[in-house]
Amino acid sequence: TTLAVQEAIYQRDFAEATGVGVPDKPTKVYNDNTGSLALTKNPVLHTRTKHIGVKQHFMRDIVNKKIVDVR
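Parameters and conventions
Residues numbered from 1 in each chain as written. Predicted model: local features only at pLDDT ≥ 70, side-chain atom pairs only at ≥ 80, totals over all residues. Heavy atoms only, no water. Helix = DSSP H or I, 4+ residues; strand = E, 2+ residues; numbered from the N terminus. Buried < 20%, exposed > 50% of the residue type's maximum accessible area, 1.4 Å probe, protein only. Contact = heavy atoms within 4.5 Å. Areas by Shrake-Rupley, 256 points an atom, 1.4 Å probe, with all protein chains shown as cover. Phe/Tyr/Trp six-rings, centres within 6.5 Å; stacked < 30°, edge-to-face > 60°.

In terms of regular secondary structure, the protein is built from three helices and two strands. When the elements of the protein are put in sequence order from the N terminus, they spell out α-β-α-α-β. Per-residue burial over the protein gives 28% buried out of 71 residues. Expressed as a percentage of contacts within the protein between residues at least 6 apart in sequence, the contacts between residues at least 24 apart total 62%. As displayed, the protein has an accessible area near 5,300 Å², and 56% of this comes from carbon and sulfur atoms.

So, on to the environment of threonine 34. Note on placement: threonine 34 falls in helix 2 (residues 34-41). In this structure the C-alpha to C-alpha distance between threonine 34 and arginine 71, which are 37 residues apart in sequence, comes to 9.5 Å.

Let us now look at the side chain of asparagine 31. Residue placement: asparagine 31 occurs in the loop between strand 1 (27-29) and helix 2. Non-local contacts of asparagine 31, meaning those with residues more than four positions away in its chain, are made with Thr1, Ser36, Leu37, Val70 and Arg71.

Even without a glycine there, the phi angle at lysine 66 is positive, about 60 degrees. Considering the arrangement of structural elements, one finds lysine 66 in the loop between helix 3 (53-64) and strand 2 (68-70).

Scanning the entire structure with this criterion turns up one aromatic pair. Measuring from centroid to centroid gives 6.2 Å for tyrosine 10 and phenylalanine 14, while their planes differ by 25 degrees, and the two rings are stacked. A residue pair is termed a helical-turn pair when its members lie 3 or 4 positions apart in one helix, as tyrosine 10 and phenylalanine 14 do in helix 1 (residues 2-17) at four residues. Look at tyrosine 10 and you get partly exposed, because its relative accessible area is 48%.

Here you go:
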């Protein structure tokens, strides 16, 4: 999911750089990993999720800024 979010950000930046324009709505990224989706929506930190903390913080920050909408 993190790679898909990074790609969505890249695509938005590319569209802006080429003059196409940035959409006014968040880019939708569809995800079939319920665990990743739950961690993106709910910032609960467990001992099993410590190793993915940086990636989840990045995704949560992007979602909170309404750049990407993870579904």
